[in-house]
Every structure is written in C-alpha cells, then in structure tokens.
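Each chain, letter by letter, is given below.
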Amino acid sequence: MEGKAEATQILTPGASPEQKRYGAILDVAMKIGLLVLVATFILYLVGMPKPHVPVGDVSANWSQKVDKYLEVTQIEKGWSWTKHLGQSDFLTFAPIAFLASVTVICYLTILPIFFKRKDFIYVTLVIAEVLVLVLAASGVLPSGGH
Amino acid sequence: MSKRTFLFLIVIAILMAIFAVSMVQAASDPASANAGGADSSLPWWAWPLILLIVTFFMGILAVLGGVGGAVLYTPIIGGFFPFGMDFVRGAGLFVALSGSLAAGPGLLKKGLADLRLAMPVALIASTTAVMGAMVGLALSDEIINTAMGVAILAIVVIMFLAKKSEYPDVQTADKLSSILRISGVYHEPSSDKDIDWKIHRTIPGLILFIGIGFMAGMFGLGAGWANVPVLNLVMGAPLKVSVATSKFLLATTDTSAAWMYLNAGAVIPMIVVPSFIGIMLGSLVGVKILARSKPSAVRAVVLTMLVFAGLRALLKGTGIWK
C-alpha cells in the first residue's frame, strides 16, 4: 500500500517532500551565509579587527604556489584558521566554511524522510555522501605535497 | 520596469557601492602601496576590484550562454590575473558553488531539479572530485595549465558539436534507474502539459561522472559543461530536468573539492569573495535579461572566450606566452 502511495507521489508534478525540505533549508542557509560573507569581508577590507596577514603580504605572494604562500605568510593548513577568528582575514573563512557545509546540513535534514519511508537505498546514499564530504572537510586527506 | 526589478537593481547598486567604498578605504592603508603580485604594477586593491567587475559580467554571460561560471572563470582569471593557479582553481570551485547554492532552492521547489537523479550522480562525482583535487594540488602550474588548456579546447568542441534533445526518447527505464526509482513529472508551462520522464543507460552515465568529477576537482572548472550532455543525451533526462539537476548537483560535486582546496590553504578571501559576489550578482542580472537576449549570439561570444582562454592556458603552460 505504501509502495503504491509512493509511486503516485513520484508521478505527480512538483517537488517531493524531501526536495521541498532540502530547498527550504538551502534557501535559508545560503542567504545567511552570503550576508555574513559580505559583512565579514567588508570588515576585512576596512581592517577591523586587524588581519593576521597584512594585505600587502597577501598580494605580494598570491602569485605563488600554495605551499610557498603558506610558508611566507606563516599560515598552517587545515582548520588552523579557527584559532584566529579574532582577526578579520580569518573571520572571513567562517562564512566560506559555512557555505561549503550547507550541502551536508541539507543532506542530514532529509535523512529522516528517507528513513521514515524505509527507502534504505537513499538512506545509504545520504550517509555515504555525508561521509565523503566530512572526510574532505576533515583535513585528514593529503592535499598538495610539492 | 517593474517595482520588484527596480528594488533588485537598487540592492545590487548598494552592494557594489559598499564594495567600492571599502576598497577605497582599504587603499588609504599604507600597505596599499604594495604591488598586486610579482608581475603586476597595479596596487593590490585594484585586482579584487577588477575581479569583482569582471566576474559580474562573467556571471551575466554565463547565464546567457548557458554555461556555469567556473568554466569561464578558471581559465580566464588564471590566464590574465596575477594569481597562482592553486588559488584560482580554489576560487573557481567556490564560484561554481555560489551559482548552485543561489539557483538550487528555486529549482528544487519547482520540481525541475530532481533529487533522486542527482544523489547517485553526486556521490560518484564528489568522490572523484576529491581525488582530482588531490592530484591537481600536487602538480606544477605548467602541467595544470597545459592540461587545462587542452581540456578547455575539448570542452569547446563538445559544446559546439553536442546536440540537445528537449525530450529524449526513452522507451523503457533501465533496471538500475527502476531500482533507484529515478523518474518524475514536471509541468511545462509553454505547452501547458505535464511531462512524464524516465531515464536509461544509467550505468554508462554514472561511469562518465567518474571522469567529470575528477576534472572538476583537478581544474576547478565546475562541471556543468559535462553534466548536461551526459544527463540529457546519455541518460535521457529531458533538457530542462538535465540543466536544473546539473546546476543543483554542482553544489555537492564542488563542495568536496572546495574543502580540499580550503584545507590545503588554497583559498584567499581577497580572491574568493569578490569572485563569489561578482558571479552571483551577475547571474541574477543575467536571469533578468535572459528573455531579451539572443542565445545564438551570446553562445558564440562564450565559445570565442573559451577558445581564447583555452589557448592562453595552453600557451602559458608550455611557456610560449608567459
């Protein structure tokens, strides 16, 4: 009976419940992230608070390879920026990281819908996707190395 | 001009003005005397400002030309701005992400982007995008530029030759798409009909996404240029569903690679943020003027720009035009 209801639901024009939820969360998260991104970037431009790396040093080295840039500006890889959120350049990373996390948030919010529907293939797909994104975000994978 | 459009343009003007004023404020800093990179005679603040303006127009062109912003962004900014390729590719992924995040809610709510179609594809593409990013970050700029030049020129050929099929003829859904229950119905306003669709050749399509994800991560190109032909021509999804699903799934594909670049330190806010805002605002304006544009003329401009950008990357990589 449930399978029949499911088939009817899929063949009706318009968005499925999981699409509606995903879209709603994405809409709110994207707008919050964008507003905070613009706000923190303007603070960075006016130097409030003082940035960790002076803008002159950033521009003098932005043509380098990333490892050279990090060496000169004394920035560590990975999540080290979270230790310097009191400085305007690293503060800008917070909304950037948030926007890069929006997909994980959206996936997690639709997981209960697939569970409730006993749609275990898509439950598995959601969990696998979240694991891939979390692994990429974790910083444990090698990136660079030249 | 409608009241809504007028308000929209006012918001854009205010945002641009805030950026410009902030740039002028930043320019009064003593550090602004520093040049914008080793090969540049301009002050540092000129580059983010030029980047904001260039990406704004790039965003308009991308929408009108039916391509994602990153396929234009990465080769053009990499070829003509004084930024290292690692940072340009990192920013390119965030550019693709910005377009997808902005368009995603509307496409999902209208039922044009299909979550059931996007999720298996996204899992494969995002996994291989991580691998592509790892390879890309380990290669020299010369190799990356050469390979990207070849890739961009190949993309131009694909875009030029690939035909589009509004409603591909899918007689029966294949076994895998039936198991995954990938099918749907959307309302087509132009004909006032409900369009029933299903897909086939799911396994070959998914295999192609292994390569698409890898290239997206390696070159920071996004993947819209390849997503649409594979979803539409190989898997048989209607064109509107393919375009919308492609746009939506970029957020997942590029997020995984974007995290790799972020963790590698290849994200500089002074490059990423003006690009992000410029492309997003440009895309919004592009959507507004889409109805009045001549698609064939815009497409010719986009293809010409891509040829030029591809040749530039190739010549830069081979050392002929430094």
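Residues numbered from 1 in each chain as written. Chains lettered and ligands numbered in written order. Predicted model: local features only at pLDDT ≥ 70, side-chain atom pairs only at ≥ 80, totals over all residues.

1. Some points on the overall build of chain B
Here is step 1 of the chain: Helices and strands together make up the secondary structure of chain B, namely 12 helices and two strands.
Here is step 2 of the chain: Each helix (α) and strand (β) of chain B, taken in turn from the N terminus, gives the series α-α-α-α-α-α-α-β-β-α-α-α-α-α.
Here is step 3 of the chain: Here chain B holds 322 residues, and the buried ones make up 58% of them.
Here is step 4 of the chain: Residue pairs at least 24 apart in sequence account for 80% of intrachain contacts in chain B once pairs closer than 6 positions are excluded. (Helix = DSSP H or I, 4+ residues; strand = E, 2+ residues; numbered from the N terminus. Buried ≥ 20, exposed ≤ 12 C-beta atoms within 10 Å, placed from the backbone. Contact = placed C-beta atoms within 7 Å.)

2. Quick notes on the confidence of the model for chain A
Residues and elements named next belong to chain A.
Here is step 1 of the chain: On average, residues of chain A score 87 in pLDDT, and 89% of them reach the 70 mark or higher.
Here is step 2 of the chain: Mean pLDDT values over the elements of chain A span from 43, in helix α1 (residues 2-10), up to 97, in helix α7 (residues 120-138).
Here is step 3 of the chain: Counted against residues more than four places away or in other chains, residues 1-10, with its pLDDT under 50, gives six contacts. (pLDDT = per-residue confidence, 0-100.)

3. A few points about the nonpolar core
All names here are of chain B.
Here is step 1 of the chain: If you look at the biggest cluster of nonpolar residues, it comprises 144 residues, and the most contacted ones within it are M260 and Y261.
Here is step 2 of the chain: The element that contributes the greatest number of residues to this core is helix α4 (residues 85-109), accounting for 14 residues.
Here is step 3 of the chain: Those residues within four positions of Y261 in sequence are excluded, and the remaining contacts are R89, G90, L93, A133, A266 and V267. (Core = buried A, V, L, I, M, F, W, Y, C linked by C-beta atoms within 7 Å.)

4. Looking at the interface of chain A and chain B
Here is step 1 of the chain: With 64 residues of chain A at the interface, the matching set in chain B holds 70 residues.
Here is step 2 of the chain: Within the residue set of the side of chain A that touches chain B, elements represented by two or more residues are α2 (17-45), α3 (55-61), α4 (66-73), α6 (93-116) and α7 of chain A.
Here is step 3 of the chain: Residue composition of the side of chain A that touches chain B, by class: 39 nonpolar, 18 polar and seven charged. (Nonpolar A, V, L, I, M, F, W, Y, C, P; charged D, E, K, R; others polar.)

5. Some details on the pairing of strand β2 (residues 193-198) of chain B
Residues and elements named next belong to chain B.
Here is step 1 of the chain: In this sheet, β2 lies alongside strand β1 (residues 183-188) in antiparallel orientation, the contact comprising six bridges. Note that in β2 the partner of G184 across the bridge is W197.
Here is step 2 of the chain: Hairpin connection, β1 to β2: the antiparallel pair is bridged by four residues, and D192 has positive phi, about 55°. (Pairing = 2+ DSSP bridges.)

6. Remarks on unusual backbone geometry
Comment: phi is negative for the bulk of residues other than glycine, and the bulk of peptide bonds are trans.
Here is step 1 of the chain: Cis geometry marks the peptide bond from A:M48 to A:P49; its omega dihedral reads -10°.
Here is step 2 of the chain: Inspection of the secondary structure puts A:P49 in the loop between α2 and α3.
Here is step 3 of the chain: A positive phi angle, near 55°, is found at B:D192, a position not held by glycine.
Here is step 4 of the chain: With respect to the element layout, B:D192 can be found in the loop between β1 and β2.
Here is step 5 of the chain: The backbone of B:R201 shows a phi angle near 50°, a positive value even though the residue is not glycine.
Here is step 6 of the chain: Structurally, B:R201 can be placed in the loop between β2 and α8 (202-219).

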